[in-house]
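Chain by chain, the residues run as shown.
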Amino acid sequence: MSSFFLLALLNACSEDKEDVFITSIANLNTPITEASLGEFIAIHGPGMDMKKIDSICVNDVRVDMLEVYSENNTLFFPIPVKIAMEVTDKVYVYRKGDVVDFPLKVLLPEIR
């Protein structure tokens, strides 16, 4: 019985992650896979509410939570204008009790 409960719990968590997607704030209906430093993005999905979020990181760079706001299970924030020391191409959302990550490549400006 307990293994059934664990399996159901893991399945519910993976379903939540599949329901989450990232967009630019310029087009809230089209998922994106990359964004530039300083670009505002939106993470849509269940549990994406400021009341449930402890912190957010893009790669290993922490997002200033004073720049984050939420509305209707969507988080809005800018990609920090700081180059990551460890590039994982992921956004990490630390919620109360867990952490979820989503793929997002951060584009660096061209240096001439």
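Residues numbered from 1 in each chain as written. Predicted model: local features only at pLDDT ≥ 70, side-chain atom pairs only at ≥ 80, totals over all residues. Heavy atoms only, no water.

Focus on a nonpolar patch on the surface
Then, number 1: A cluster of nonpolar side chains, Ile25, Leu28 and Phe40, forms an exposed patch at the surface whose accessible area comes to about 240 Å².
Then, number 2: By the secondary structure assignment, Leu28 is in the loop between strand E1 (21-24) and strand E2 (34-36).
Then, number 3: Using a relative accessible area of 35% as the deciding quantity, one classes Leu28 as partly exposed. (Patch = residues over 30% accessible without salt bridge, like charges linked within 9 Å, V, L, I, M, F, W, Y side chains within 5 Å. Areas by Shrake-Rupley, 256 points an atom, 1.4 Å probe, with all protein chains shown as cover. Salt bridge = Lys/Arg side-chain N within 4 Å of Asp/Glu carboxyl O. Helix = DSSP H or I, 4+ residues; strand = E, 2+ residues; numbered from the N terminus. Buried < 20%, exposed > 50% of the residue type's maximum accessible area, 1.4 Å probe, protein only.)

Regarding the confidence of the model for the chain
Then, number 1: On average, residues of the chain carry a pLDDT of 86, and 84% of them reach 70 or more.
Then, number 2: Across the chain, strand E5 (residues 61-62) holds the top mean pLDDT of 98, while helix H1 (residues 2-18) sits lowest at 44. (pLDDT = per-residue confidence, 0-100.)

Brief notes about the side chain of Thr23
Then, number 1: Mapped onto the fold, Thr23 is located in strand E1.
Then, number 2: Of note is the side chain of Thr23, whose polar atom sits 2.8 Å from the side chain of His44. (Polar contact = N/O pair within 3.5 Å; in protein donor to acceptor, adjacent residues only side chain to side chain.)

Let's talk about the pattern of salt bridges
Opposite charge on two side chains permits pairing when their charged atoms draw close.
Then, number 1: Taken as a whole and assessed by the stated rule, the structure comprises three salt bridges.
Then, number 2: Across the pair Lys96 and Asp54 runs a salt bridge whose closest N-O atoms are separated by 2.8 Å. With Lys96 in the loop between strand E8 (90-95) and strand E9 (98-103) and Asp54 in strand E4 (residues 53-58), the pair connects residues that are 42 residues apart, well separated along the chain.
Then, number 3: For Lys96, a relative accessible area of 54% corresponds to the exposed category.
Then, number 4: A salt bridge links Asp101 to Lys90; its shortest N-O distance comes to 3.4 Å. Of this pair, Asp101 sits in strand E9 while Lys90 sits in strand E8; the two residues are 11 residues apart in sequence, bridging distant segments of the chain.

What to know about the packing of aromatic side chains
Then, number 1: Following the criterion strictly, the structure yields one aromatic pair and no others.
Then, number 2: Taking the centre distance of 4.8 Å and the plane angle of 15° together, the rings of Tyr69 and Phe76 count as stacked.
Then, number 3: Its relative accessible area of 43% is what places Tyr69 among the partly exposed residues. (Phe/Tyr/Trp six-rings, centres within 6.5 Å; stacked < 30°, edge-to-face > 60°.)

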